[in-house]
Amino acid sequence: PYELGPQSQVTEIQPDSMGKVVMNCGLCGASRKCPVPASWTVHYGVAYCGGCWASFRCGICEHHDPKGAHFKGSWNCRQCRHKKLVKSTAVSHESCHQLIIEDGNGELFATGYSDDGELPLEQASALVQQKDEIVAAEESGDEDECDDQLGPLPDASAKAVAAGTPDGPQCKKRHIVLLLDASGSMRSKDVEVDKETQRTWNSSEIIIPRLDAAVLCAAEFAATHARSCPRDVFSVVTFNEEAHVLAELVSTPDLVEALEGFAARAAHGTHFLRALTAATALIERHPDIPCELLLLSDGQPADTAQALEFFQCNFLAGEHQGVRLHGIGFGSMVESFAPLQQLACLSNGSFCISGFNAKGLCQAFSSVSSTITTTSSHSRGSRPEEPEEKEERAKNASLRALRPAKFELPEQGVFGKHHVLHFKAKRFRFRFDGTRFHEELWAAAPVSRRLRPYMRGGMRLVYSFRDEQVVKGEEGSWMVAKCSRYLNELPNSRMIVDSHAKSTAVARHFAARFNGQVQSTVLKAPKLFFVPCFVYEVEGLDSDQSTEPRFFAGERYLPGVFLKYNSNNGYIAEQQLKHHEIVQSFLHFSLEASNGQLLVADLQGVARDTEVLLTDPQVLSLDREFGLGDLGAQGLRACLAAHRCGPTCRALGLRPVSASLLRKLAAVAGEKTLKQTVGLGRSSSCSWLQVDEPSSGLQDWDRLSEHQGSEFSDAAELVGSRCSEVSASSWVHVAES
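Basis of the calculations
Residues numbered from 1 in each chain as written. Predicted model: local features only at pLDDT ≥ 70, side-chain atom pairs only at ≥ 80, totals over all residues. Heavy atoms only, no water. Helix = DSSP H or I, 4+ residues; strand = E, 2+ residues; numbered from the N terminus. Core = buried A, V, L, I, M, F, W, Y, C linked by side-chain atoms within 4.5 Å. Buried < 20%, exposed > 50% of the residue type's maximum accessible area, 1.4 Å probe, protein only. Pairing = 2+ DSSP bridges. Phe/Tyr/Trp six-rings, centres within 6.5 Å; stacked < 30°, edge-to-face > 60°. Lys NZ or Arg CZ within 6 Å of the ring centre and 35° of its normal. Axes fitted to C-alpha atoms, helices over the stretch in contact; angles between N-to-C directions. Contact = heavy atoms within 4.5 Å. Parallel < 35°, antiparallel > 145°, perpendicular 65-115°, else oblique. Nonpolar A, V, L, I, M, F, W, Y, C, P; charged D, E, K, R; others polar. Salt bridge = Lys/Arg side-chain N within 4 Å of Asp/Glu carboxyl O.

**Notes on the environment of Glu489**
Here Glu489 is to be found in the loop between strand 21 (479–484) and helix 14 (494–521). In this structure, the C-alpha to C-alpha distance between Glu489 and Pro549, residues 60 residues apart in sequence, is 9.3 Å.

Below is the structure:
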């Protein structure tokens, strides 16, 4: 829609026939003898007459810019033109979600038929080998269950036991820094207070200002958090265009007192950089105490780029690397919190949106408290490393050379000449019919990818990406490219990238079956949809692009607040997450529907009212056929030990997970590890559910997944300390290669 204006010519100063110096207008060519009139303007070595200079005045900001362009009858400067381009390409979250929902999970293919009703072609490659028979695990009923290395039970009683242990890892002292937005918008009086919260706060106010609600919820958060982690200390910083430290390294009572005495008025704009700078100073004054940041804000900051640059230098690559930032978006518009969500995700922190109500804000604080309590201790380790573990970690570290990455601002959907790679790539997709994979191939076509990533996961970097054969320009959206974070060959190979796409294909197949069964048995249950995943093979990269990966995964952009429901190593999220129970039941369903051969874990995505849109699943199998994230029998056992059946599992008639089956799976895992160590080849991957169970049948005490575990102390002994919200990766493939 833009029309570039006439090109300006560099002004040449030359004498006329009378020997006097003459200056020409760089646009129209008009001449004036020097000195030029006051109405003329010299801009970067080019002179413009008054009329031409007036034509360069921006119709939006009224600044003059000769390098701007015409748009709908008015002149726009470069800055305003860029803002309009970004706004015109701004993605509608609802439209992106609808496109994913309309695509479905490949339901037609799940029944064994292709989209046109024909059976799949015979020459479609079968990329999963038939599984061998399982090596019989010896009966070991007398083994000590305390030796099992599993993730913790997700019930409150188990957490209370761990938190209440005087020397337990949960009680390790931490420094929690609260960063509270005190900008002018926080004066708005629009936060609803329900009756229960009124009683808790001993208040009769129905509507209160945002800043007051933030302060009251922060005080309640500190008091609640102290009950599970009494050794933690707090600091509080309020920020707008300046940052002010209200309390530094204080206990819960002192923090509550400081917040109750806070009387400053909300004013000015929102500047994250001020808050991050103040947090950095607090961390440096107390370097011996592990720190967690919690930033609450009600909108976008005015210094998004500067805050991201500072965050990368200090928290992603600097001396404070490893400090997590947790974000709370105080509002209901997801689009307003993209910068805060980016900072939280880059640092492996949590992010949630509260809405303008006190109950939702209290729940958001509670969610952050739970994340800090249940995951920080595992990430820092609960015991000294053994020499063998240190040696193994050093060996793995040498194989994990990271790809250099400097992150850009989120939701950059502009694919012009600058900061963009343009190349051709072939595209593949896998479909799974329950027993075999079928591959689809498209010829090489032009695609575009932003030069810098804007997000990262445990194993991959995420870039804005465009393939107009998949996402048409008129759809108002784009795609994302997911490339390995590591430079060594294996994570960038076709085999590993294929494993990501195959995991999605398996998840889509079982989701289609799950939706069909759930809709017929459970009233008003949400449907699960997985974003389809493609594999791209790059052709003809230039020599200066040799470090770019040849293979990567691509899928539709999924906007919104991501919820992490579970991981591939035993982590289970808190039950207050939207649609938590239905998503956890899908993990159990995938195991039963595959006859114990596969389990779809690492479930994460965006929860809507009637749908859950999921991405990046990880399939677990005994033979570790699904890439570096497939932890095999160990991952299967960790996820199953942490699972608790709910109403959906029971409505579908899923068999409860028993302790005896977990012991059998542990035996298989140990035997497979031994075989890999001594080089006896691969053991079989037949369903572990087929391992013999006690002939007397399952006893009530043995049906672990049917109970919360509070009344069964033996179940807690199955718990180890290795689960994490961040998905784990198995580097045994690298070592073997």
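Here the narrative resumes, following the displayed structure.
**Overview of the nonpolar core**
In this structure, Leu293, Leu325, Val506, Tyr536, Tyr565, Phe586 and Leu599 are the most contacted members of the largest nonpolar core, which totals 111 residues. When residues in this core are grouped by element, the largest group, nine residues, is from helix 14. By size, the runner-up hydrophobic cluster in this structure holds 38 residues, among which are Ile176, Val193, Cys217 and Val236.

**Quick word on the pairing of strand 26 (residues 598–601)**
Side-chain direction in a regular strand flips from residue to residue, so the side chains alternate between the two faces of the sheet. Neither face of strand 26 is exposed, since Leu598 and Val600 on one face and Leu599 and Ala601 on the opposite face are all buried. Pairing analysis gives four bridges linking strand 26 to strand 29 (residues 618–621), with the strands arranged antiparallel. Paired with Leu598 across the bridge in strand 29 is Ser621.

**Some details on the packing of aromatic side chains**
Within a pair of aromatic rings, the relevant descriptors are the distance that separates the centres and the angle that separates the planes. Summed over the entire model, instances satisfying the criterion amount to 22 aromatic pairs. With a centroid separation of 6.3 Å and 80 degrees between ring planes, the pair formed by Phe221 and Phe234 is classed as edge-to-face. Here Phe221 is found in helix 7 (residues 210–228), whereas its partner Phe234 is found in strand 12 (residues 233–239), with 13 residues between them in sequence. According to the relative accessible area criterion, Phe221 is buried, its value standing at 3%. Among the residues examined, Phe234 registers a relative accessible area of 0% and is labelled buried. Among the aromatic residues, ring-to-ring pairing joins Phe430, Phe432, Phe437, Phe510 and Phe626 into one connected group. Between Arg427 and the ring centre of Phe534, over which it is positioned, the NZ or CZ distance is 5.0 Å. Positioned over the ring face of Phe437 is Lys502, at 5.5 Å from the centre of the ring.

**A few points about the sheet that holds strand 15 (residues 324–329)**
Taken together, six strands build an open sheet; the order of strands is 13-12-9-14-15-16 and the sheet is mixed. Whereas interior strands pair on both sides, the edge strands pair on one side only; in this sheet they are strand 13 (243–250) and strand 16 (351–353). For this sheet, the mean angle separating the axes of adjacent strands, direction not counted, is 15 degrees. Where strand 9 (residues 175–181) meets strand 12, seven bridges bridge the pair, whose relative direction is parallel. The residue bridging Leu179 from the neighbouring strand is Val237, located in strand 12. Along the sheet, helix 8 (residues 252–260) contacts strand 9, strand 12 and strand 13; its crossing angle with strand 13, the most-contacted strand, is approximately 155 degrees. Strands in contact with helix 11 (residues 338–346) are strand 14 (291–297), strand 15 and strand 16; relative to strand 15, the strand with the most contacts, it is inclined by about 150 degrees.

**Considerations on the packing of helix 14 against helix 15 (residues 580–593)**
The geometry of helix 14 relative to helix 15 is characterised by a closest axis approach of 10 Å and an angle of 110 degrees between their N-to-C directions. Relative to helix 15, the element helix 14 is oriented roughly perpendicular. Contacts between helix 14 and helix 15 pair Ala507, Phe510, Ala511, Arg513, Phe514, Gln517 and Val518 from the former with Ile582, Ser585, Phe586, Phe589, Ser590 and Ala593 from the latter. Of the residues belonging to the contact of helix 14 with helix 15, the class tally is nine nonpolar, three polar and one charged.

**A short note on the environment of His320**
If you trace the backbone, His320 turns up in the loop between helix 10 (304–316) and strand 15. Considering only alpha carbons, one finds His320 and Thr280, 40 residues apart in sequence, at a separation of 8.0 Å. For His320, the residues in contact, after removing those within four places along its chain, are Thr280, Ile283, Glu284, Asn314 and Phe315.

**With respect to the pattern of salt bridges**
Applying the stated criterion across every chain yields a total of 23 salt bridges. Glu555 is paired through a salt bridge with Lys482; the nearest N and O atoms lie 2.8 Å apart. Remark: Lys482 occurs in strand 21 and Glu555 occurs in strand 24 (residues 551–556); sequence separation between them is 73 residues. Exposure class is identical for Glu555 and Lys482. Each is buried. Overlapping salt bridges, with partners in common, bring together Arg460, Lys482, Glu555 and Asp616 in one network.

**A few points about the sheet that holds strand 27 (residues 604–607)**
The sheet built from four strands is open, its strands ordered 22-28-27-25 with mixed pairing. Pairing within the sheet leaves two strands with one partner each, and these edge strands are strand 22 (527–530) and strand 25 (563–564). Relative to strand 28 (residues 611–615), strand 27 is paired through four bridges, and the arrangement is antiparallel. In the strand pairing of strand 28, Gly605 is matched with Leu614. Of the strands in this sheet, strand 22, strand 27 and strand 28 touch helix 3 (residues 93–103), which is tilted by about 85 degrees from strand 28.

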